[in-house]
Amino acid sequence: MHAHDTVQNPAPASLPMAGQAIAMPATSSVTLACTGEQYPCRHDESLLHGMLRLGRKGIPAGCTNGGCGVCKVHVTCGQVHRIGVISRAHVSVEEEAAGYTLACRTAPDTDVTLDVVGRVRRNVMRSVVGGGNATTSESAR
Amino acid sequence: MAVMRIGHISVRVMDMEAALKHYTNVLGMRVTHTDADGNQYLKCWDEWDKYSVVLTPSDRAGMNHVAYKVEKDAELDVLKQKIKDYGFAVAELPAGTLPACGRMLQFTLPSGHEMRLFAEKECVGTDVGSIDPDPWPDSIKGAGAHWLDHCLLMCRFDPEKGVNTVVDNTKFLKEVLNFFQTEQVMVGPNGSIQLASFLSLSSKPHDLALVGAPTSGLHHLSFFLDSWHDILKAGDIMAKNRVRIDVAPTRHGLTRGETIYFFDPSGNRNETFAGLGYQAQRDRPVTTWTEENLGRSIFYHTRELTESFINVYT
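Predicted model only: the values in this text are computed from it and were never measured.

Asks: What am I meant to see in the side chain of Gln194(B) here?
Replies: Residues and elements named next belong to chain B. In this fold, Gln194 is placed in strand β12 (residues 193-200). Note on Gln194: relative accessible area 9%, which makes it buried. A polar side-chain atom of Gln194 sits 2.9 Å from a polar atom in the side chain of Gln184.

Written as structure tokens, this is what we have:
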């Protein structure tokens, strides 16, 4: 299986017997600096998947496969590791060394704090449709 | 009627093994060729030419080029001159530049997308053959897509600065390549700005779609299925394979198509598209969707745009 599949759907090694404790996977706390949103995230799932799985919000979700770049984050505190390929159109090698990554391809090792960077782009539908002139940033959502 | 249909699309993938699993197991395509550079060539069971999708290894997602097939090789010379006369640069790539493919014209659309035209590609036949064929082969995998149907290109659009490459592309495609318009979305003051343009070469509601966006890119490549039930089954296949679904089964107002949007493992958006909607003809009145009904034009049931559908592309 592709790594991403196992991350999204880890199969239990065996079903627990009645009264037997279920081994809980290691988790860390993820904090989004801009909104204060906080959620637990497993060490074997992406920062984005952990958020989506719990129905939480704050990091824009797009392709979830490292290609579209809307979930770009800056890890300002804590340790993380990559769990898949990320598009160099959105995160350069230099940026990655400075703590930027895509939340869909990064898992926590410790509690982490993130700035949501996203891609700041003018939303055509909002600026033209309705006659407004809004500039939206994914980091604001 | 020289240009016939979409011939192939070349897309970048960041993990070839995962991409091959996706395009074969989920969409049901088959690899027909692998070249020395590791590029993979695939076809659907109902296609007769050797390939319709080219996957190229890269460090990013997105489209390399889209190619349309012309009926006769000699027409490429006429089209080359027409493109030149329109004022665009056009290169001719010799036969064999892509495997099993004849010479290609190569040019850039006003939106920045690379388009190619070719007339000849090795015909390997459909998987049911052409003599007393069954309606479908026993070898079908996954969603069992019939053919690469169309693609949607996001086109640089900033009307306040006078930039609308949806309009520029449409003009070129109609005047030079003989596409005809089936539908459009008009927005802004008095509905004067063309935000989306749907173009056909055949009796299908679209062979190419163009939508305005802050930057140009690939919104999706779409694969044809027969029916609404095939769409539901495709959704089941995607769930089984843990594919990221962007838009669950629904209907478009535009084209009347039945659809699912989802992402390949590199984040390139795919669509499975069913129902031919209506018979597109050159004299059929163009369908216009107004700004007020923009949501309904795209998602007919919910009538609301979604953030990811608008903002996410490669």
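Structure shown, so let's carry the discussion forward.
Asks: Please explain the nonpolar core as it appears in this structure.
Replies: One recurring pattern in soluble globular proteins: nonpolar side chains tend to sit buried together. Counting 59 residues, the largest nonpolar core has Ile9(B), Leu55(B), Tyr68(B), Leu117(B), Leu173(B), Leu177(B) and Phe223(B) as its most contacted members. Counting only domains with at least three residues in this core, you end up with domain 1 (3-118) and domain 2 (148-311) of chain B.

Asks: Honestly, the sheet that holds strand β5 (residues 62-70) of chain B in this entry has me stumped. Any pointers?
Replies: Where strands meet in a sheet, backbone hydrogen bonds hold them as pairs that are either parallel or antiparallel. Residue and element names in this part refer to chain B. The mixed open sheet is built from eight strands, whose spatial order is β2-β3-β4-β1-β5-β8-β7-β6. Where the open sheet ends on each side, the last strands, each with one partner, are β2 (30-34) and β6 (91-93). Strand-to-strand twist of the sheet, defined as the mean angle between neighbouring strand axes without regard to direction, takes the value 25°. Bridge analysis of β6 against strand β7 (residues 104-108) gives three bridges, and the strand direction is antiparallel. Bridge pairing links Ala91 to Gln106 in β7.

Asks: Looking at this structure, how should I read the packing of helix α2 (residues 74-86) of chain B against helix α3 (residues 165-175) of chain B?
Replies: For any two helices packed against each other, one specifies the crossing angle of their axes together with the interaxial distance. Residue and element names in this part refer to chain B. At their nearest, the axes of α2 and α3 sit 11 Å apart, and the two run at 140° to each other. Compared by their axis directions, α2 and α3 come out oblique. As for the relative orientation of α2 and α3, their crossing is right-handed in sense. The residues of α3 that touch α2, namely those facing Lys82, Ile83 and Tyr86, are Lys171, Phe172 and Glu175. Along the lines of polarity and charge, the residues of the contact of α2 with α3 split into three nonpolar, no polar and three charged.

Asks: What is the right way to read the pairing of strand β16 (residues 258-263) of chain B from this model?
Replies: Residues in a regular strand project their side chains so that they alternate between the two faces of the sheet. All names here are of chain B. Of all six residues making up β16, six are buried, and the element is well covered by its neighbours. As paired strands, strand β15 (residues 245-251) and β16 are joined by four bridges and run antiparallel to one another. Paired with Thr250 across the strands is Thr259, a residue of β16. Where β15 folds back onto β16 in an antiparallel hairpin, the turn is made up of six residues, including Thr255, whose phi is positive at roughly 70°. One ladder, built from six bridges, connects β16 with strand β17 (residues 269-274); its direction is antiparallel. Bridge pairing in β17 links Phe263 to Arg269. In this structure, the hairpin formed by β16 and β17 is closed by a connection of five residues, where Gly267 is found at a positive phi of approximately 95°.

Asks: Which parts of the structure should I look at to understand the environment of Asn311(B)?
Replies: Residues and elements named next belong to chain B. Inspection of the secondary structure assignment puts Asn311 in helix α6 (residues 307-311). A relative accessible area of 5% places Asn311 in the buried class. Here the alpha-carbon distance between Asn311 and His219, two residues 92 residues apart in the chain, equals 9.4 Å. A distance of 2.8 Å separates the side chain of Asn311 from the side chain of Glu307, its partner in a polar contact.

Asks: What's the story with the environment of Ala19(B) in this structure? I'm lost.
Replies: Position of Ala19(B) among the secondary structure elements: in helix α1 (residues 16-26). Ignoring anything within four residues of it in the chain, the contact list for Ala19(B) reads Val13(B), Leu55(B) and Pro265(B).

What counts, and at which threshold
- Every chain is numbered on its own, with residues counted from 1 as its sequence reads.
- Each chain takes a letter, starting from A, and each ligand takes a number, starting from 1, following the order in which they are written.
- Per-residue local features are limited, in this predicted model, to residues with pLDDT of at least 70; the limit for side-chain atom pairs, both in listing and counting, is 80 or more; totals at the level of whole chains, interfaces and linings are taken over all residues.
- For the side-chain quantities, the full set of heavy atoms in the structure was used; hydrogens and water were omitted.
- Labels follow the DSSP assignment, with helices taken as runs of H or I lasting at least four residues and strands as runs of E lasting at least two, numbered in each case from the N terminus.
- Between buried and exposed lies partly exposed: a residue is buried under 20% and exposed over 50% of the maximum accessible area for its type, with that area taken using a 1.4 Å probe on protein chains only.
- Pairing of N or O atoms within 3.5 Å defines a polar contact, subject to two protein rules: one partner must be a possible hydrogen donor and the other a possible acceptor, and residues neighboring in sequence count only if both atoms are side-chain atoms.
- In these notes, a set of buried Ala, Val, Leu, Ile, Met, Phe, Trp, Tyr and Cys residues joined through side-chain atoms within 4.5 Å is what counts as a nonpolar core.
- Domain limits in this description derive from either an automatic procedure or a database domain assignment.
- Here, any two strands with at least 2 DSSP bridges between them count as paired.
- Comment: axis = line fitted to C-alpha atoms, over the contacting stretch for helices; angle = value between 0 and 180 degrees taken between N-to-C directions.
- The scheme is simple: roughly parallel for angles under 35 degrees, roughly antiparallel for over 145, roughly perpendicular for 65 to 115, oblique for anything else.
- Whether a crossing is left-handed or right-handed is set by the direction in which the near helix is turned from the far one by less than a right angle, anticlockwise for left-handed and clockwise for right-handed.
- Whether two residues are in contact is decided by their heavy atoms: any pair within 4.5 Å suffices.
- Charged residues are taken to be Asp, Glu, Lys and Arg, nonpolar residues to be Ala, Val, Leu, Ile, Met, Phe, Trp, Tyr, Cys and Pro, and polar residues to be all remaining types, Gly included.

All we've got here are geometric facts, nothing functional implied.
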